[in-house]
Amino acid sequence: MARSGVKPVRQRQRGVALLLVLWALALLSVLLGGLAAWVQLESRQALWQRQHTQALLAAEAGLNLAVQGLSDPQQRKRWVADGRTVTLRFDDAQLRVSVRSERGKLDLNSAPASDIARLAQACGATRDQATAMAQLIEGRRGGNSAPLRVIEEVRQLPGMSQALYSQLLPQVTLWSGLDRPDPAFASALLRRALNLPNQSAVGADPGEVLVIDIHAQRPGGFHAELQTTVLLSPSEGSAQPYRVLRWQE
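Residues numbered from 1 in each chain as written. Predicted model: local features only at pLDDT ≥ 70, side-chain atom pairs only at ≥ 80, totals over all residues. Heavy atoms only, no water.

S.K.: Looking at this structure, how should I read empty space enclosed by the protein?
M.R.: Over the atoms rolls a probe the size of a water molecule, and its path tells where empty space is left. One pass over the full model with this rule turns up one cavity of 30 Å³ or more. Quantified by volume, the largest cavity comes out at close to 50 Å³. Around the largest cavity, the lining residues are Ile116, Ala117, Ala120, Ala130, Met133, Ala134, Ile137, Leu157 and Leu168. Within the residue set of the lining of the largest cavity, elements represented by two or more residues are helix H2 (113–122) and helix H3 (127–139). With four residues, H3 is the single largest residue contributor to the lining of the largest cavity. Here the lining of the largest cavity is built from residues that sort into nine nonpolar, no polar and no charged. (1 Å grid on protein atoms, 1.4 Å probe; cavity = no way out; pocket = protein on both sides within 12 Å on 5 of 7 lines; lining within 4 Å. Points joined across faces, edges and corners; volume = space filled by probe spheres on them. Helix = DSSP H or I, 4+ residues; strand = E, 2+ residues; numbered from the N terminus. Nonpolar A, V, L, I, M, F, W, Y, C, P; charged D, E, K, R; others polar.)

Here you go:
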């Protein structure tokens, strides 16, 4: 009678062991599946990073091609600094490059407060906000206050919202040194705000400080965008044909 109960006990033990083995195999499968998914994700991220880096290098090549064209009197006619697009190729990348002169923007360190206020209102500020911003900017030009050093300081002005900042930023500069924008390179919004005349940029002198926008597109849909503000011919005898004043990827 005692032996008859041994077989069911052994069967139950075997059943428990089999269940544990199945659970272990299931857990191992989950772990291996997770590891495979992680490896695949890492591979995709590495591929994206490599392709993005190559696209960014192509964009930097586009910057150098634009500077070369702007420095060459024979090629410079092609590069009108009013934002029109020039299509180029570099290796297997398609480049779209545009150039804008900083002379066509409102210099916050030189322009009268009335013009700054009018532009701020055209970009969406209320009259009181625009007047307060303009007076604050004008007040930083003398006394113990330092003038604006980087254009992003505009974001810290009282009453400056993200929407207003996005509208205002493309219209202003710190590097033209002009009291009023050059109408030949001014945007339509700036011409309306300051009542500037319509003039063609073809044949006009864009100056030495330029904003160069590059969009690089590579096969497979990988792309990169680069915006730089450069000073051409920064000093006589310099090994570099330009100096970067602002760099944004």
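S.K.: Please clarify how the sheet that holds strand E6 (residues 223–232) should be interpreted in this entry.
M.R.: Backbone hydrogen bonds are what pair the strands of a sheet, in a parallel or an antiparallel way. Read from one edge to the other, the open sheet built from five strands follows the order E1-E2-E5-E6-E7, with strand pairing classed as antiparallel. Sheet topology places strand E1 (82–90) and strand E7 (242–248) at the edges, where each strand pairs with a single neighbour. The average angle at which neighbouring strand axes cross in this sheet is 25°, direction not considered. Examined bridge by bridge, strand E5 (residues 209–217) and E6 share nine bridges and lie antiparallel to one another. Along E6, the bridge assignment pairs Val211 with Thr229. (Pairing = 2+ DSSP bridges. Axes fitted to C-alpha atoms, helices over the stretch in contact; angles between N-to-C directions.)

S.K.: Can you walk me through the layout of surface pockets in this structure?
M.R.: By volume, the largest pocket amounts to about 360 Å³. Where the lining of the largest pocket is concerned, the elements lending two or more residues are strand E2 (93–101), strand E4 (172–173), E5 and E6. What the second largest pocket holds in volume is close to 150 Å³. Arg76, Lys77, Trp79, Val80, Ala81, Phe185, Ala201, Val202, Gly203, Ala204 and Pro206 are the residues that line the second largest pocket. The residue inventory of the lining of the second largest pocket, partitioned by class, reads eight nonpolar, one polar and two charged.

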